[in-house]
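Coordinate analysis (summary)
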Amino acid sequence: EAQVTQNPRYLITVTGKKLTVTCSQNMNHEYMSWYRQDPGLGLRQIYYSMNVEVTDKGDVPEGYKVSRKEKRNFPLILESPSPNQTSLYFCASSSKPSPGRGELFFGEGSRLTVL
Amino acid sequence: AQSVAQPEDQVNVAEGNPLTVKCTYSVSGNPYLFWYVQYPNRGLQFLLKYITGDNLVKGSYGFEAEFNKSQTSFHLKKPSALVSDSALYFCAVRDTGFNKFYFGSGTKLNVKP
């Protein structure tokens, strides 16, 4: 089954304690990205990756890091989490756009609370 | 700069009536437009897209959307709403460099029996 898998789904942590949210896709997609969803703001892009070893900042990258060492994996790292990073996070992947392709496939989300 | 606007935070419709969820966009170049639906505690699910071709796009669950280049709109429609259509709907545009997706703020659709 084609899917994007995120872990953990739920996490409560404390300020400053480093954490990693993993993301893996099994569709051989070149493109992967991370979003955060906050009420009234929709989804905002944190980082994206066009392919292995190619990453770039989205609209809200502050406080986050990513890496793309393998095509299927794209972890999101919070080196020193703060309460304003409490949010719902989504990982997504996509192939290049063409008439039959190009949409994002989303994971189920990771709800993070930073105390 | 690319952007997407969903002017309505919430849309209320009675079951069996037609529904429209509005979306306007701003892009440089040809737009790649998408609609997604989100049910509570779930990820976003793809509904339909416009890449090229016919202006009327048909998607999942009986939804369709009309691409209007002159009005820069991509409204989501369904002829007859179901209670199970109640969810949060997002419009999105992919920039012409294929690097970034821009999402609207979402519209909550309430379908009442």
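Before going into details, it helps to say that this report is about the structure given with it. Since we're looking at a predicted model, the values are computed, not measured.

Thresholds applied
Residues numbered from 1 in each chain as written. Chains lettered and ligands numbered in written order. Predicted model: local features only at pLDDT ≥ 70, side-chain atom pairs only at ≥ 80, totals over all residues. Heavy atoms only, no water. Helix = DSSP H or I, 4+ residues; strand = E, 2+ residues; numbered from the N terminus. Buried < 20%, exposed > 50% of the residue type's maximum accessible area, 1.4 Å probe, protein only. Polar contact = N/O pair within 3.5 Å; in protein donor to acceptor, adjacent residues only side chain to side chain. Contact = heavy atoms within 4.5 Å. Disulfide = S-S within 2.5 Å. Salt bridge = Lys/Arg side-chain N within 4 Å of Asp/Glu carboxyl O.

All names here are of chain A. With respect to the helices and strands, the residue Ser 93 is situated in strand S9 (residues 87–94). On the basis of relative accessibility, which here comes to 0%, the residue Ser 93 falls in the buried class. A distance of 2.8 Å separates a polar atom in the side chain of Ser 93 from a polar atom in the side chain of His 29. Sequence-distant contacts of Ser 93, that is, excluding residues within four places in its chain, are made with Val 4, Gln 25, Met 27, His 29, Tyr 31, Met 32, Glu 103, Leu 104 and Phe 105.

Let us look at the state of the cysteines. Residue and element names in this part refer to chain B. One pass over the structure, following the stated rule, counts two disulfides over all chains. Two residues share a disulfide in this structure: Cys 23 and Cys 91, whose sulfurs sit 2.0 Å from each other. A torsion of -65° about the S-S bond marks the disulfide between Cys 23 and Cys 91 as left-handed. Of this pair, Cys 23 sits in the loop between strand S3 (19–21) and strand S4 (24–26) while Cys 91 sits in strand S10 (residues 87–94); the two residues are 68 residues apart in sequence, bridging distant segments of the chain. Just as Cys 23 is buried, Cys 91 falls in that class too.

Let us look at the pattern of salt bridges. Summed over the entire model, instances satisfying the criterion amount to nine salt bridges over all chains. Between Lys 58 of chain B and Glu 64 of chain B there is a salt bridge; the shortest N-O distance is 2.9 Å. Note on Glu 64 of chain B: relative accessible area 19%, which makes it buried. When salt bridges that share partners are traced, they join Arg 36, Asp 38 and Arg 44 of chain A into one network.

Honestly, that's just the spatial picture; any functional story needs more than this.
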